[in-house]
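What follows is the residue order along each chain.
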Amino acid sequence: MTESAEPRARRTHILADLTPLRTSPDYRRLWFGNTVSWIGQGMTALAVSLQVYDITGSAFSVGLIGFCSLVPLVVFGLYGGAVADTVDRRKLGLFSAAGSFGLSLVLVAATVVGIEHVGLLCAIVALQAVCFALNAPARSSMIARLLPAEQLPAANALTTMTSTTGTLIGPMLGGLIVGWWGYRAAYSVDAVCFTASLYAMWRMPSMLPDRKGGEAGKRASVLDGLRFLGTRPNLRMTFFTDLCAMVLAHPRALFPAVAVLWYGGDARTTGLLVAAPALGALLGGVFSGWLGRIRRHGLAILLAVGSWGTAIAVFGLTRNLWLGLLFLALAGCADTVSMVFRNTMLQAAVPDELRGRLQGVFIVVVAGGPRLGDFLAGSAADLASPAVAVTGGGILCVTGVTLLALKWRAFARYDARDPQP
């Protein structure tokens with residue numbers, strides 16, 4: 001290797017591995033379409049919240065929007081996984097993406113005719129959540145069929161970059177577009193963004209679940225997926241560890257109070273606190289090239305979740321804004337590492353005929369865990385103080401994941417070269 005090529009190789013190993021994008025045109029279209037549609041969804045989520053507040057002037061009504069999306073995500077996340085294990089995943093992804101596209105057009109039409117009704121917005125948000133809950137298991141289940149097993153960590157790192165990019169860029173663009181041109185423009189851009197996802201699904205090959213024996217031709221059962229999960233300790237641990245982080249150490253609900261009480265700030269300070277974990281998660285994806293060389297995925301998850309809890313606990317002790325933002329960004333980076341390996345284990349260790357149902361459970365945990373964490377953090381802050389809630393939550397997270405590791409020691413020995421669920 002020449003002297004100039006050696007630093008280039010080191011940079012390649014550090015930066016995100018783009019091999020899945022280079023080797024699979026189908027995955028490349030899927031990733032690009034998902035990234036563009038995530039940005040559009042982030043824009044619409046902010047625009048709907050702003051419009052609800054404009055109509056009602058009520059923060060409670062804005063919070064109700066989040067609840068309207070949670071229930072369909074939990075219910076249809078499980079159901080969508082079962083559907084993805086029964087029908088052609090390409091058709092399910094295409095129809096659900098078309099549903100989301102149609103709902104964006106409804107939002108555009110409502111602004112054109114001047115309909116401003118919170119009930120309509122809540123109904124659209126709920127239906128969007130249904131479409132997402134049907135689309136996500138189908139889309140996630142496809143990845144293991146499009147790529148070889150050794151490329152799954154790189155693909156999942158790229159997927160985390162998609163979601164964090166949407167979380168960061170979507171709301172910022174949404175705020176600018178609503179401020180300059182109004183809600184109609186934001187919803188119209190979102191509809192255009194969804195065409196990228198529609199095109200990706202349209203070009204995808206047919207992808208029927210690989211169901212064998214007596215399972216062939218039968219409708220997939222949610223209970224069968226849960227029974228499978230109940231007998232597979234390594235897969236259960238991926239969910240338990242995530243719940244430790246998201247339920248016990250998730251301080252998002254406290255950011256408005258923390259911004260004022262700890263840093264003497266305002267809404268802009270709250271915005272920085274919200275953005276810091278997302279930025280850390282994005283950087284974790286950008287510099288994820290080394291993740292593909294890790295084989296002990298279970299141990300990596302335990303260390304990542306422990307690092308999340310530690311960073312949150314230290315954040316609770318800081319009273320310097322920039323230091324606090326640093327530890328929140330470190331927590332977000334650790335969450336990316338955990339997410340990459342948890343997704344990879346679900347894709348590699350689960351039989352194809354059950355992959356959709358396990359991805360449905362994953363959606364329920366990812367959607368429900370942070371919201372339960374918001375409730376616990378807010379309750380603890382009211383009973384004690386924000387500092388106790390944040391630092392105590394971080395310590396509980398580290399303690400919980402340590403106890404889980406001691407209880408199921410085999411999880412730390414999980415080897416990607418021999419994926420055992």
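Quick caveat, the model's predicted, so the values are computed rather than measured. (Residues numbered from 1 in each chain as written. Predicted model: local features only at pLDDT ≥ 70, side-chain atom pairs only at ≥ 80, totals over all residues. Heavy atoms only, no water.)

Explain the overall build of the chain residue by residue, including any values.
Across its full length, the chain holds 16 helices and 0 strands. Relative to its length of 421 residues, the chain is compact, with a C-alpha radius of gyration of 21 Å against a globular reference of 22 Å. Taking the principal axes of the C-alpha coordinates as reference, the chain spans close to 55 × 55 × 50 Å. Within the chain, contacts between residues separated by at least 24 positions form 87% of all contacts whose residues are at least 6 apart in sequence. Seen as two clouds, the 34 positive and the 22 negative side-chain charges of the chain have centres 4 Å apart. (Helix = DSSP H or I, 4+ residues; strand = E, 2+ residues; numbered from the N terminus. Rg over C-alpha atoms; globule rule 2.2 N^0.38 Å. Contact = heavy atoms within 4.5 Å. Lys, Arg positive; Asp, Glu negative; His and termini not counted. Charge placed at Lys NZ, Arg CZ, Asp CG, Glu CD.)

Please set out the side chain of serine 100 residue by residue, giving values where relevant.
By the element assignment, serine 100 lies in helix α5 (residues 89-113). Not counting residues within four places of it along the chain, the set of residues in contact with serine 100 comprises Cys131 and Phe194.

If you had to explain helix α14 (residues 321-349) to someone new, which residues and values would you point to?
Helix length check: α14 (29 residues) gives 42 Å between terminal C-alpha atoms against 42 Å at 1.5 Å per residue, within 8%. Within α14, 21 of the 29 residues are buried, which leaves it mostly tucked inside the rest of the structure. One side-chain oxygen at the N-terminal end of α14 lies 3.1 Å from the backbone nitrogen of tryptophan 322; it belongs to asparagine 320. (Expected span 1.5 Å × (residues − 1). Buried < 20%, exposed > 50% of the residue type's maximum accessible area, 1.4 Å probe, protein only. Polar contact = N/O pair within 3.5 Å; in protein donor to acceptor, adjacent residues only side chain to side chain.)

Pulling in residues and values, what's your account of the nonpolar core?
Counting residues in hydrophobic clusters, the biggest one holds 57 residues, and the most contacted among them are Phe239, Leu273, Trp308, Phe315 and Leu358. Elements that contribute at least two residues to this core include exactly α9 (222-230), α10 (233-248), α11 (255-261), α12 (267-286), α13 (297-315), α14, α15 (352-383) and α16 (386-407). Per-element tally for this core: the top contributor is α14, with 13 residues. Setting aside chain neighbours within four positions, we find leucine 273 in contact with Phe255, Val258, Ala259, Tyr263, Phe315, Leu321, Leu325 and Leu328. (Core = buried A, V, L, I, M, F, W, Y, C linked by side-chain atoms within 4.5 Å.)

Describe the environment of arginine 413, and please don't skip the residues or the numbers.
With respect to the helices and strands, the residue arginine 413 is situated in the segment after α16. A relative accessible area of 54% places arginine 413 in the exposed class. It is 9.5 Å that separates the C-alpha atoms of arginine 413 and arginine 295, two residues lying 118 residues apart in sequence.

Please give an account of a nonpolar patch on the surface that cites residues and values.
Together, Ile169, Met172, Leu173, Leu176, Trp180 and Trp181 give the surface a local cluster of nonpolar side chains, amounting to about 680 Å² of exposed area. On the basis of relative accessibility, which here comes to 60%, the residue tryptophan 181 falls in the exposed class. (Patch = residues over 30% accessible without salt bridge, like charges linked within 9 Å, V, L, I, M, F, W, Y side chains within 5 Å. Areas by Shrake-Rupley, 256 points an atom, 1.4 Å probe, with all protein chains shown as cover. Salt bridge = Lys/Arg side-chain N within 4 Å of Asp/Glu carboxyl O.)

So what's going on with the pattern of salt bridges? Which residues, and what values?
A complete count under the given rule lists 5 salt bridges for this structure. Across the salt bridge formed by aspartate 374 and arginine 252, the nearest N and O atoms sit 2.5 Å from each other. Remark: arginine 252 occurs in the loop between α10 and α11 and aspartate 374 occurs in helix α15; sequence separation between them is 122 residues. Accessibility expressed as a relative area gives 17% for aspartate 374, which makes it buried. Residue arginine 252 is classed as partly exposed on the basis of its relative accessible area, which comes to 38%.

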